[in-house]
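Here is how the chains run, residue by residue.
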2 protein chains.
Amino acid sequence: MKRQPIPPQFRSHHPHPCDGRLPPGLPAELQQQVTELAASTVELNRGETLAHSGTAFDHLYLVLSGAFKAVKLGADGASQIVCFYEPRELMGLSGFSHRVYTTDLVALAPSVVCEFPVQAIESAVSHNRPLLDGLLAAVSESLERAELDQFILGSLTAPQKMACFLLHMQARRRRCGDDTHHFELPMTREELGSYLGLTMETISRLLSHLQAEGVAQIDKRQVHILRDDLLHVWREGGVDLPMPRRKKPQQLKFA
Amino acid sequence: MKRQPIPPQFRSHHPHPCDGRLPPGLPAELQQQVTELAASTVELNRGETLAHSGTAFDHLYLVLSGAFKAVKLGADGASQIVCFYEPRELMGLSGFSHRVYTTDLVALAPSVVCEFPVQAIESAVSHNRPLLDGLLAAVSESLERAELDQFILGSLTAPQKMACFLLHMQARRRRCGDDTHHFELPMTREELGSYLGLTMETISRLLSHLQAEGVAQIDKRQVHILRDDLLHVWREGGVDLPMPRRKKPQQLKFA
DNA sequence: CGGTCGCTTGATAATCGTCAATTGATGTGG
DNA sequence: CCACATCAATTGACGATTATCAAGCGACCG
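None of these values were measured; they are calculated from a predicted model.

So, how was this worked out
Residues numbered from 1 in each chain as written. Chains lettered and ligands numbered in written order. Predicted model: local features only at pLDDT ≥ 70, side-chain atom pairs only at ≥ 80, totals over all residues. Heavy atoms only, no water. Pairing = 2+ DSSP bridges. Helix = DSSP H or I, 4+ residues; strand = E, 2+ residues; numbered from the N terminus. Axes fitted to C-alpha atoms, helices over the stretch in contact; angles between N-to-C directions. Contact = heavy atoms within 4.5 Å. Buried area = accessible area lost by both parts, 1.4 Å probe. Salt bridge = Lys/Arg side-chain N within 4 Å of Asp/Glu carboxyl O. Polar contact = N/O pair within 3.5 Å; in protein donor to acceptor, adjacent residues only side chain to side chain. Nonpolar A, V, L, I, M, F, W, Y, C, P; charged D, E, K, R; others polar. pLDDT = per-residue confidence, 0-100. Buried < 20%, exposed > 50% of the residue type's maximum accessible area, 1.4 Å probe, protein only.

*Asks:* Whenever I open this one, the sheet that holds strand β8 (residues 104-107) of chain A confuses me. Can you help?
*Replies:* Sheets are built from strands paired through backbone hydrogen bonds, the pairs being either parallel or antiparallel. The sheet built from four strands is open, its strands ordered β3-β8-β5-β6 (chain A) with antiparallel pairing. A single partner strand is all that each edge strand has here, and the edge strands are β3 (49-51) and β6 (79-85) of chain A. On average, adjacent strands in this sheet sit at an angle of 30° to one another, irrespective of strand direction. On the sheet, helix α5 (residues 189-196) of chain A packs against β5 (68-73) and β6 of chain A and is oriented at approximately 100° with respect to β6 of chain A. Across the sheet, helix α3 (residues 129-155) of chain B lies against β5 and β6 of chain A, angled at about 125° from β6 of chain A, the strand it touches most.

*Asks:* Sorry if this is basic, but what is going on with the interface of chain B and chain A here?
*Replies:* By a widespread convention, an interface's size corresponds to the accessible area lost as its parts come together. If you look at the interface, chain B gives 45 residues, while chain A gives 45 residues. Of the roughly 4,000 Å² buried between chain B and chain A, counting both surfaces, carbon and sulfur atoms make up 62%. Counting the contacts that link chain B with chain A gives two salt bridges. The closest approach of N and O atoms between E122 of chain A and R129 of chain B, which form a salt bridge, is 3.5 Å. At the surface where chain B touches chain A, the tally comes to 17 residue pairs in polar contact (both at pLDDT 80 or more). Within the residue set of the side of chain B that touches chain A, elements represented by two or more residues are β6 (79-85), α2 (118-126) and α3 of chain B. Class assignment of the residues belonging to the side of chain B that touches chain A gives a composition of 17 nonpolar, 18 polar and ten charged.

*Asks:* What is the right way to look at the confidence of the model for chain A in this model?
*Replies:* Low pLDDT means the predicted atomic positions in that stretch should not be read closely. Per-residue confidence for chain A gives a mean pLDDT of 91, with 94% of residues at or over 70. Taken as a whole, residues 245-255 of chain A scores under 50 in pLDDT and shows one contact with residues more than four places along the chain or in a different chain.

*Asks:* I would appreciate a short explanation of the environment of S194 of chain B in the present structure.
*Replies:* Residue and element names in this part refer to chain B. Along the chain, S194 falls in helix α5 (residues 189-196). A residue is classified by how much of its surface remains accessible, and S194, at 18% relative accessible area, is buried. Sequence separation of S194 and S79 is 115 residues, and the distance between their C-alpha atoms is 7.9 Å. The residues contacting S194, other than those within four sequence positions of it, are S79, Q80 and I81.

*Asks:* Any chance you could explain unusual backbone geometry here in plain terms?
*Replies:* Most peptide bonds take the trans configuration, and most residues that are not glycine carry a negative phi. We note that R88 of chain A has phi near 80°; this positive angle belongs to a residue other than glycine. Along the chain, R88 of chain A falls in the loop between β6 and β7 (90-91). The phi dihedral of K220 of chain B is positive, around 55°, even though this residue is not glycine. Take K220 of chain B: it is sitting in the loop between β11 (216-219) and β12 (222-225).

Here is the structure:
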């Protein structure tokens, strides 16, 4: 993990490490003000932890490249990934209340982040209305996303969860103007399973099934979505997880 | 649903509807400033919806009495309760990003809330640092809670979920200085099941089991916690859901 | 080249959902 | 005031979804 301070005199100059890596759809004027708050960049290798759950909340982090997971540790040793982060996303937003990080933030790949001191952010935000609105929107959006994940974890079957996940990956790409039909998964099957409340084996079977049905082509971590329409059918519950089982369950609803 | 405006000249006077019903642990000076932002009170009957998912985000709501659920509707008709609210809690915080409510807010019992216009809040917050910190902390705390719920939904067994829920109810009471060993559940078994990602039947069995083991006494919706220690054992996974089954599963781990 | 890691696939089984029957509480209209 | 319907809840029997256990394979690395 290598930290590289950004000297104040360079913070408003191009090229700046955050250029083109701020959250999409940000007013040009705001972009300038945000980059001026950046204190350092940090480079991490795969597996390194940027912030530890329970330690002092003193920075927000913007992902510049690579990917991260937010891991929540249970009392007994159970753990759950509650969020994945990709470039242009902001990490650490759940710390404002208790002033500690609420999850571990761990790099899934060699990554670079930009570090924003919480103090600087809070003071900038307190006399800059657009910046305030942006920060509130960011925290609020994370909350909205977490509520959606609650829905996914609590109400959907395994195939539905997988379809939701893939459609979410597409939506992310769309926001950045990227190709939505091909992307690379930054996480292992096990990590994806943790996030979706499933096991590695179930994830593997689901991906195999997607491939077998021609919904997507999957090679290692490379994913090509071939049939968006079928993916939506999966999400609405039109498909079952195929286990090595021979009989079809009856589909009796109100006739 | 009956709305009762609070005329501006009364907003800074006692008695005020919010008195003693603001979030616990708020500096006295802030309490005054918050009450001045209150625009109306709203009374609801059981089952009435205070805010509809997808409609314009124009108020935050403070629960004064009663209780609420936040319901997320899935595309196909599935639905999930993502949060319960009790007096002194703030609802609607996930709307700042997309400017619409992200869940339905439905009264679980006859309730009264206090309505804060988002516009007034945002402008007050932009030139009042303590108020800003309070709002950020509130949104951030909701996010923290949602992440914890993700952990519960994704990583715990049914008995662990139930124990977590009961312990959370206790913690809520503790924050308000109430008795933590007796409380009333404001929701039906089905609603609790939705929140925990379980069915009504499983909830019922779990409550019966808690009673049979002497962990708690349960009469309708009245809960008396008798053995906190056992409840913690439940949370750490020391108990199974007892179905009408006769054989004990083996407990083989790494020896 | 041995070892670990990520992944796949199969066989088996447990947890929890589904279906069903019953009870008590609540409310409604005749 | 009493059928009658409806709803919340309890309990039992059964079974499907998905976890667990196990074996094997390729890739990467020291």
